[in-house]
Amino acid sequence: MPDYQDILVTAPDSGVITITLNRPEARNALCNNLLREIAETLDSTINDDSIKAVVITGGEHVFAAGADIKEMAELDAVGVMNDIRPSYWRRIAQYPKPIIAAVNGFALGGGCELMMHCDIVIAGDNAQFGQPEINLGIIPGAGGTQRLLRTVGKSMAMQLVLSGEFINAEQARDFGLVSEITIPEMSYNRALKLAKNIARKPPLAVRLAKESLLKAYETTLETGLNLERKSFTLLAATEDRNEGIAAFMEKRRPDFRGK
Ligand code: HXC
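Analysis parameters
Residues numbered from 1 in each chain as written. Predicted model: local features only at pLDDT ≥ 70, side-chain atom pairs only at ≥ 80, totals over all residues. Heavy atoms only, no water. Salt bridge = Lys/Arg side-chain N within 4 Å of Asp/Glu carboxyl O. Helix = DSSP H or I, 4+ residues; strand = E, 2+ residues; numbered from the N terminus. Buried < 20%, exposed > 50% of the residue type's maximum accessible area, 1.4 Å probe, protein only. Near = heavy atom within 4 Å. Polar contact = N/O pair within 3.5 Å; in protein donor to acceptor, adjacent residues only side chain to side chain. Areas by Shrake-Rupley, 256 points an atom, 1.4 Å probe, with all protein chains shown as cover. Phe/Tyr/Trp six-rings, centres within 6.5 Å; stacked < 30°, edge-to-face > 60°. Axes fitted to C-alpha atoms, helices over the stretch in contact; angles between N-to-C directions. Parallel < 35°, antiparallel > 145°, perpendicular 65-115°, else oblique. Left-handed = near helix turned anticlockwise from the far one by under 90°. Contact = heavy atoms within 4.5 Å. Nonpolar A, V, L, I, M, F, W, Y, C, P; charged D, E, K, R; others polar. Patch = residues over 30% accessible without salt bridge, like charges linked within 9 Å, V, L, I, M, F, W, Y side chains within 5 Å. Core = buried A, V, L, I, M, F, W, Y, C linked by side-chain atoms within 4.5 Å. Pairing = 2+ DSSP bridges. Arc of directions from axis to C-beta.

Re the pattern of salt bridges
A full pass over the atoms with the stated rule returns 10 salt bridges. The shortest N-O distance in the salt bridge between E40 and R36 comes to 3.1 Å. You can see E40 and its partner R36 sitting in helix 1 (residues 32-46), four residues apart, about one turn around the helix. Relative accessible area serves as the criterion here: at 33%, E40 is assigned to the partly exposed category. Where salt bridges share partners, they join E243, E250 and R252 into one cluster.

Shown next, in the form of structure tokens:
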């Protein structure tokens, strides 16, 4: 992996990489370069079959305090219109492999939106979530109004976006933003364990399962069910499906090859 300025990329276990947001002096605010580095790291692993899952974390104290407000202050409306950032967000959103977030401390604004781009969220019990953009005279700009409403429902989405108030880890779990809560020191370990578990699963099935689940956000039930069925059918043509069934019958561990 190349050396990055605003993130650290490590390979803690075979099949998994970890992206650690690394601007502690700015509470991991998502400056352009940091977002670009995330998008480039993810892109560089799409065709690398040895990498099967990604963990994103900000460390034990803060996930990310949002877009970099100091950078944002430099942009007028035309600058925002011509901004390259939406293309970085699109690349993160379209990443086909599972991304697991380990979130401690603040996940605010763009930080909360980055977390919502991840597929599974493990939160430390010190985590706080919010969309405080309203306090700056703006609104969420990386999917916050859309993904939040689809995840937590109308009333809580309105509450967060209109008031700018934060919610804690338990509330976030109650509303489906987070799947598990741990002590802050353990959230990364738990996310990594999940990533390692997923990395052992048949990669084509993992990929189509992620695609199918995400499609539910943006389509009718009938269209979603059709996609699911087509993916289910497609998987019947894979070697891994034969291997999975054979291993079950023969009472042994499957050896999945991603074929
Ligand atoms: C740039 C930031 C920053 C941010 C913190 N810092 N958040 N710099 N952009 N989003 C910097 C501070 O300026 C300060 O730098 C240093 O980090 C420490 O911040 P403090 O405020 O002193 O820390 P603390 O008291 O621990 O409070 C943490 C905090 C607070 C609650 C996270 O910093 C905060 O409210 N930040 C802004 C949160 C926010 O409004 N997010 C939404 C951004 S808009 P110095 O140099 O003074 O030491 C957004 C739009 C998304 O996300 C649109 C699409 C991407």
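Details of the site of the ligand
The environment of the ligand is formed by 23 residues, the closest being R27, A65, A67, I69 and G110. Between the ligand and A67 there is a distance of 2.8 Å, counted from an oxygen atom to a backbone nitrogen or oxygen. Between the ligand and I69, the relevant distance is 2.9 Å, taken from a nitrogen atom to a main-chain nitrogen or oxygen of the residue. The protein chains hide 65% of the 1000 Å² of surface that the ligand would expose on its own. Broken down by secondary-structure element, the contributors of at least two residues to the shell around the ligand are helix 2 (69-72), helix 4 (85-93), strand 5 (106-108) and helix 5 (110-117). Top element by residues in the shell around the ligand is helix 2. It accounts for three residues.

Some words on the packing of aromatic side chains
In total, this model carries one aromatic pair according to the counting rule given. Ring geometry for F106 against F166: centres 5.9 Å apart, planes inclined by 70°, an arrangement best described as edge-to-face. With F106 in strand 5 and F166 in the loop between helix 7 (154-163) and strand 8 (167-168), this pair connects stretches of sequence that are 60 residues apart. With relative accessibility at 34%, the residue F166 sits in the partly exposed group.

Some remarks on the packing of helix 4 against helix 5
Across the interface, helix 4 lies against helix 5 with an axial gap of 9 Å and an inter-helix angle of 30°. With respect to their mutual orientation, helix 4 and helix 5 come out roughly parallel. Judged by the twist between their axes, the crossing of helix 4 over helix 5 is right-handed. On helix 5, the residues that touch W89, I92 and A93 of helix 4 are G110, E113, L114 and H117. For the contact of helix 4 with helix 5, a count of residues per class yields four nonpolar, two polar and one charged.

Quick word on a nonpolar patch on the surface
Taken together, the side chains of I69, L136 and I138 present a nonpolar region at the surface, about 250 Å² in accessible area. Note on L136: relative accessible area 47%, which makes it partly exposed.

Side note on the nonpolar core
The biggest cluster of nonpolar side chains holds 47 residues, and the ones touching the most others in it are I38, I56, M115 and F129. Of the residues forming this core, the biggest block, five residues, is contributed by helix 1. Of all hydrophobic cores here, the second largest spans 13 residues; its members include V16, L192, L194 and I198.

A look at the sheet that holds strand 1 (residues 7-13)
Pairing is mixed in the open sheet, where six strands are placed in the order 1-2-3-4-6-9. Edge positions in the open sheet fall to strand 1 and strand 9 (180-182), since each of these has one partner strand only. Across the sheet, the mean angle separating the axes of adjacent strands is 20° when strand polarity is ignored. Both strand 1 and strand 2 (residues 16-21) contribute to a ladder of five bridges, which runs antiparallel. In the sheet register, I7 faces strand 2, and the bridge partner there is L21. Helix-sheet contacts for helix 1 involve strand 1, strand 2, strand 3 (53-57) and strand 4 (99-103), and the interaxial angle to strand 2 is about 175°.

Quick notes on the environment of I139
Its location among the elements puts I139 in the loop between strand 7 (128-130) and helix 6 (144-152). Look at I139 and you get exposed, because its relative accessible area is 56%. Along the primary structure I139 and V161 are separated by 22 residues, whereas in three dimensions their C-alpha atoms are 7.4 Å apart.

Re helix 6
It helps to recall that an α-helix has 3.6 residues per turn; residues three or four apart then point in one direction. Those residues of helix 6 that sit buried are G144, L148 and V152. All buried residues of helix 6 lie within an arc of 15° about the axis, which places them on one face of the element. Buried residues along helix 6 sit against helix 5 and helix 7. After helix 6 finishes, the residue G153 shows a positive phi value of roughly 90°.

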